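Each chain is listed here by its residues.
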Amino acid sequence: MTGWLVAGGWGLVGGLALVLGALVAWFVKVPAAVTAGVMAFGSGVLISALAFDLAADAADTGGIAAAAVGLLAGAVAYVGANLALDRWGARHRKRSSHPQPSEGQQAGSGLAIAVGSLLDGIPESVVLGLSLLGGGGVSTAMVAAVVISNVPEGLSSAAGMKAAGRSARYVFGVWTTIAVVVGIAAALGYAVLGTASPTTVAVITAVAAGAILTMVADTMIPEAFERTRTFTGLVASLGFVVAFALSRGE
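Residues numbered from 1 in each chain as written. Predicted model: local features only at pLDDT ≥ 70, side-chain atom pairs only at ≥ 80, totals over all residues. Heavy atoms only, no water.

- By the naming in an unreviewed UniProt entry, the protein chain is Zinc transporter, ZIP family, taken from Cellulomonas marina.

## As for the environment of Val 127
Link 1 in the chain: When you line up the elements, Val 127 lands in helix H4 (residues 109-130).
Link 2 in the chain: The contact partners of Val 127, leaving out residues within four places of it in the chain, are Leu 54, Met 142, Ala 208 and Ile 212. (Helix = DSSP H or I, 4+ residues; strand = E, 2+ residues; numbered from the N terminus. Contact = heavy atoms within 4.5 Å.)

## Section: empty space enclosed by the protein
Link 1 in the chain: Under the defined criterion, the tally for this structure stands at two cavities of 30 Å³ or more.
Link 2 in the chain: Taken as a whole, the largest cavity spans an internal volume of roughly 50 Å³.
Link 3 in the chain: Along its surface, the largest cavity is lined by Gly 11, Gly 14, Gly 15, Leu 18, Gly 121, Glu 124, Ser 125, Leu 128, Val 146, Asn 150 and Val 182.
Link 4 in the chain: Breaking the lining of the largest cavity down by element, the ones donating at least two residues are helix H1 (3-27), H4 and helix H5 (140-163). (1 Å grid on protein atoms, 1.4 Å probe; cavity = no way out; pocket = protein on both sides within 12 Å on 5 of 7 lines; lining within 4 Å. Points joined across faces, edges and corners; volume = space filled by probe spheres on them.)

## Some remarks on the packing of aromatic side chains
Link 1 in the chain: Taken as a whole and judged by the stated rule, the model has three aromatic pairs.
Link 2 in the chain: Aromatic side chains Trp 26 and Phe 172 sit 5.8 Å apart centroid to centroid with 70° between the ring planes, which places their arrangement in the edge-to-face category. Note that Trp 26 is positioned in helix H1 and Phe 172 in helix H6 (residues 168-192), a separation of 146 residues in sequence. When sorted by exposure, Trp 26 lands in the same class as Phe 172, which is buried.
Link 3 in the chain: With centroids separated by 5.7 Å and ring planes inclined at 65°, the aromatic side chains of Phe 52 and Phe 240 adopt a geometry described as edge-to-face. One end of the pair, Phe 52, is in helix H2 (residues 32-62); the other, Phe 240, is in helix H8 (residues 232-249), with 188 residues separating them in the sequence.
Link 4 in the chain: Relative accessible area serves as the criterion here: at 36%, Phe 52 is assigned to the partly exposed category.
Link 5 in the chain: Relative accessible area serves as the criterion here: at 27%, Phe 240 is assigned to the partly exposed category.
Link 6 in the chain: One aromatic cluster is present, formed by Phe 52, Phe 240 and Phe 244 through successive ring pairs.
Link 7 in the chain: Sitting over the face of the ring of Trp 26, Lys 162 holds its NZ or CZ atom 5.0 Å from the ring centroid. (Phe/Tyr/Trp six-rings, centres within 6.5 Å; stacked < 30°, edge-to-face > 60°. Buried < 20%, exposed > 50% of the residue type's maximum accessible area, 1.4 Å probe, protein only. Lys NZ or Arg CZ within 6 Å of the ring centre and 35° of its normal.)

## Considerations on H6
Link 1 in the chain: In this model, H6 (25 residues) spans 35 Å end to end at C-alpha, consistent with the 36 Å of a helix rising 1.5 Å per residue.
Link 2 in the chain: Every buried residue of H6 is accounted for by Val 171, Phe 172, Val 174, Trp 175, Ile 178, Ala 179, Val 182, Gly 183, Ala 185, Ala 186, Ala 187 and Gly 189. (Expected span 1.5 Å × (residues − 1).)

## A closer look at the nonpolar core
Inside soluble globular proteins, nonpolar side chains tend to come together where they are buried.
Link 1 in the chain: Ranked by internal contacts, the top residues of the largest apolar core, which has 27 residues, are Leu 46, Met 142, Ile 212 and Met 215.
Link 2 in the chain: Only H2, H4, H5 and helix H7 (198-228) provide two or more residues apiece to this core.
Link 3 in the chain: Those residues in contact with Leu 46, other than ones at most four positions away along the chain, are Glu 124, Met 142, Ala 145, Val 146, Ser 149, Ile 212, Met 215, Val 216 and Met 220. (Core = buried A, V, L, I, M, F, W, Y, C linked by side-chain atoms within 4.5 Å.)

## Here's the deal with a nonpolar patch on the surface
Link 1 in the chain: On the surface, a cluster of nonpolar side chains totalling about 520 Å² of accessible area is made up of Leu 12, Leu 16, Val 180, Ile 184, Leu 188 and Val 192.
Link 2 in the chain: By residue number, the principal contributor to the nonpolar patch is H6, which donates four residues.
Link 3 in the chain: Within the element layout of this structure, Ile 184 appears in helix H6.
Link 4 in the chain: Of the residues examined, Ile 184 reaches a relative accessible area of 46% and is grouped as partly exposed. (Patch = residues over 30% accessible without salt bridge, like charges linked within 9 Å, V, L, I, M, F, W, Y side chains within 5 Å. Areas by Shrake-Rupley, 256 points an atom, 1.4 Å probe, with all protein chains shown as cover. Salt bridge = Lys/Arg side-chain N within 4 Å of Asp/Glu carboxyl O.)

## Topic: the UniProt feature "transmembrane region" (unreviewed entry) in the protein chain
Link 1 in the chain: Taking the UniProt record as the reference, the feature "transmembrane region" (unreviewed entry) is found at residues 6-27, 34-52, 64-85, 170-193, 199-217 and 229-247.
Link 2 in the chain: Along residues 229-247 the backbone is 84% helical and 0% strand, and the end-to-end C-alpha distance reaches 28 Å. (UniProt positions renumbered as here; feature names shortened; annotations may be inferred.)

## Re the side chain of Thr 232
Link 1 in the chain: Checked against the element boundaries, Thr 232 lands in helix H8.
Link 2 in the chain: By relative accessible area, which is 9% here, Thr 232 ends up buried.
Link 3 in the chain: Not counting the four nearest positions on each side in its chain, Thr 232 is found in contact with Ala 40, Ala 224 and Phe 225.

Right, here's the structure in full:
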């Protein structure tokens, strides 16, 4: 099968995990502590995948300087985009315990939340596409990290959207669109960078990793800590260990 189609398929799998989380939130009242616990676990999984699958590979291929610059550039880019979206009402887009503004309370907040959710998903999908460029299979640890983290992200965010009075059409329209777009992003990441130099791929991988790490620190860990408190670090460590074991087993 053509490489870009495989990359797009894996990106779509990651995106559909968001839709699955939204479906659960819409039809089932999941205890906030359970959502937070899964989010803490997903945070640990992502951090492990970032360290051992992304940052390490970027440093090995492009050098530590290129990896460090890419990581910081991704973090800065994410923070800048996030600050702009915050002004339009997307600050708590992944928080079930903080009220999201309705469209009547803040015009444009619906679009801002949708764009912000897409901003969170694009780096993950690009990384999945890039992981196939070496000719091997997709990283099992990275796929697991994206899926495990996306389910509680979609659940928490959709619960907040529902509480703000947004319709099912809006909620599932947003998540379905994001799933499709992140699949396309993964395919484009593979197709566009298929002939790029290893150093270029390493830098872009590092940029995506920096954006993902910043997203975890800004949105996932605060939501998890608010509910799990003392056990947040323990659950996150468990997720880290599981992902580390997966990466070593590949």
